[in-house]
Amino acid sequence: MAATVVTISSGKGGVGKTTTTANLAVALANGGLKVVCIDGDIGLRNLDVVLGLENRIVYDLVDVVEGRCRLRQAMIRDKRLPELYLIPAAQTRDKSAVTPSDMVRLVDELRGEFDFILIDSPAGIERGFRNAIAPADVVVVVTNPEVSAVRDADRIIGLVEAEEKGPARLVINRMNPGMVKRGDMMDAEDVLELLAIELIGVVPEDENVVVSTNRGQPVALDPKSRAGKAFTNIARRLRGEQVPFLDLDEKSDLFSKLSRMLRPGGD
Amino acid sequence: MTLSVQIKGIKDGLLITLGEGDWGEVQEALLAHIAERASFFQGARVALEVGNRILNAADLGGLRDKLSDRGVILWAVLSNSPKTENTAQVLGLATRLSIPRPERVKPVDTNLPGEPTVLVARTLRSGFRIAYAGHVTVIGDVNPGAEIVAGGSVVVWGKLRGVVHAGAEGDEKAVVCALELVPTQLRIAGHIAVTPQRKGKSNPEIVRVVNGQIVAETWNQK
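Quantities reported herein were computed from a predicted structural model and do not represent experimental measurements.

What counts, and where the lines are drawn
Residues numbered from 1 in each chain as written. Chains lettered and ligands numbered in written order. Predicted model: local features only at pLDDT ≥ 70, side-chain atom pairs only at ≥ 80, totals over all residues. Heavy atoms only, no water. Core = buried A, V, L, I, M, F, W, Y, C linked by side-chain atoms within 4.5 Å. Buried < 20%, exposed > 50% of the residue type's maximum accessible area, 1.4 Å probe, protein only. Helix = DSSP H or I, 4+ residues; strand = E, 2+ residues; numbered from the N terminus. Contact = heavy atoms within 4.5 Å. UniProt positions renumbered as here; feature names shortened; annotations may be inferred. Axes fitted to C-alpha atoms, helices over the stretch in contact; angles between N-to-C directions. Left-handed = near helix turned anticlockwise from the far one by under 90°. Nonpolar A, V, L, I, M, F, W, Y, C, P; charged D, E, K, R; others polar. Buried area = accessible area lost by both parts, 1.4 Å probe. Salt bridge = Lys/Arg side-chain N within 4 Å of Asp/Glu carboxyl O. Polar contact = N/O pair within 3.5 Å; in protein donor to acceptor, adjacent residues only side chain to side chain.

Chemist: Where do I start with the nonpolar core in this structure?
Modeler: In a soluble, globular protein the nonpolar side chains are often hidden away together inside. Residues and elements named next belong to chain A. Membership of the largest hydrophobic core comes to 40 residues, with the highest contact counts inside it found for Val-35, Leu-51, Leu-84 and Leu-118. At seven residues, helix α1 (residues 17-30) tops the list of elements feeding residues into this core. In contact with Leu-84, not counting residues within four places along its chain, are Ala-25, Val-26, Ala-29, Val-35, Cys-37, Leu-51, Ile-76, Arg-77 and Asp-78. One finds Ile-38, Ala-89, Met-103 and Phe-114 within the second-largest nonpolar core, a separate group that totals 27 residues.

Spelled out as structure tokens, the structure:
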């Protein structure tokens, strides 16, 4: 088994890196794969909270790097999905506690045992970001359909290209189809026109995400959630499957489908 | 106690040479030295020369942590012992003083007669900057947040949406042209213009200074 190492990054904070990491991890593990996710946000850790594993942390990433425990001891197994593990970040240290070569070594140790290794990058373009992308095979850039997030995504994509990590892939998170329809929000095409990289998912804005984050129950576990469905599809695309994009228009009943057919240029 | 701790400034920060003696004592001496001049060492990048000493991961890792607690960043360990070098590498520390990084954007020497020009055959994303004394040609887009500063003219075979400064050394004859010209800001010599809001797809345009004013014209090959 040789793992695919996927780093989830964005540049700007608050666009949904951690939510994306948690949900992709859950969706991949739900598909029967062995998955470990690593929280790269040392000092501002969140992934443990979103996954609902906060109260089980004993050792963390920095303990492993500094030799206070074995890698196995820092891996928390998720009780819902037996093949999902988390390596949490340290909360009492900062990004400089780990170097890019530490990350490469640590990930190499895990490669043989897992199908996917997901790394949640911190916001910014400094040390934490460098640590997170150093071991990556694939970089997924998360953005929101707003100018500032897209601008930062562009910067990140440029840095990933400079590191010769291959073309980054794009997830557009928190898309609001109603606002796009009214012309108040960029649509996927506007974002892609600037960023010009492969799109692997558009996640609709969904209140369930906030609820699930607070509860530590990622939406990908909820078959009824539209955002959860979108994350599951992204996970399948990461595995190399061809999955059609979701129709994000919530009112896609028979009538609107018909009216769309009647005026094909209408949206 | 005459434990020798020598400190000198090098290009990459400070080089500290530790003399002979028991590791614990030498380490104490170093830390005492740092404590005395805490403000000088604050935020310093330090390379440590440890001579023939054989150090294990706990020794080096321990010292790195103690230094980091004092705001000193240990980035390299220089040693004559392969074992110690290996330990340093395991901890992700350099074992040589750094080699200068190659420039990211190298001027391309095309060896053609004429005026000096650099050709950039890629999209310039946010955060990238090209500065060149001659002309600059880009095959690709120039995204918002990217910047081109040219002594001569700038030609963009793509969308120009970043900041562009042609004739940066005062050449008013410099021009800017692009397939789609919507720069965040455009400067020619000492003149500055911003793109007016416009709708619809634009045509290739060329911008020059006419009578002290920046003027954009649609490119029409007659």
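Chemist: How should I be thinking about the environment of Glu161(A) in this particular structure?
Modeler: Within the secondary structure layout, Glu161(A) lies in helix α7 (residues 147-162). Overall, Glu161(A) belongs to the partly exposed group, its relative accessible area being 31%. Residue contacts for Glu161(A): discarding those within four places in its chain leaves Arg122(B) and Arg125(B).

Chemist: Looking at this structure, I do not really get the UniProt feature "binding site: ATP" (unreviewed entry) in chain A. What am I missing?
Modeler: Residue and element names in this part refer to chain A. Per the UniProt entry, the sites bearing "binding site: ATP" (unreviewed entry) are Lys-12, Gly-13, Gly-14, Val-15, Gly-16, Lys-17, Thr-18 and Thr-19 in this numbering. Residue class for Lys-12 comes out partly exposed when judged on its relative accessible area of 23%. When neighbours within four sequence positions are excluded, Lys-12 is seen to be in contact with Lys-17, Ala-123, Glu-146, Ser-148, Ala-149 and Asp-152.

Chemist: It is not clear to me how the packing of α7(A) against helix α9 (residues 188-195) of chain A should be interpreted in this structure. Could you clarify?
Modeler: What describes two packed helices is the angle between their axes and the distance between those same axes. Residue and element names in this part refer to chain A. Orientation of α7 relative to α9, taken along the N-to-C sense of each, is 35°, at an axis distance of 10 Å. Relative to α9, α7 is oriented so that their crossing is right-handed. Packed against α7, whose contacting residues are Val-150, Ala-153, Asp-154 and Ile-157, the element α9 presents Val-191, Leu-194 and Leu-195 at the interface. Partitioned by chemical class, the residues of the contact of α7 with α9 number six nonpolar, no polar and one charged.

Chemist: For this particular structure, what's the right way to read the interface of chain A and chain B?
Modeler: Note: interface size is frequently given as the accessible area lost on complex formation between the parts. Contact with chain A, which involves 20 residues of that partner, is made by 17 residues of chain B. Buried area between chain A and chain B, both sides added, is near 1500 Å², and the carbon and sulfur share of it is 38%. In this structure, the connection of chain A to chain B is made through five salt bridges. For the pair chain A and chain B, the interface holds ten residue pairs in polar contact (both at pLDDT 80 or more). Of all the secondary structure elements, the ones that give two or more residues to the side of chain A that touches chain B are α5 (100-111), α7 and α9 of chain A. Looking at the side of chain A that touches chain B residue by residue, the class counts come to seven nonpolar, three polar and ten charged.

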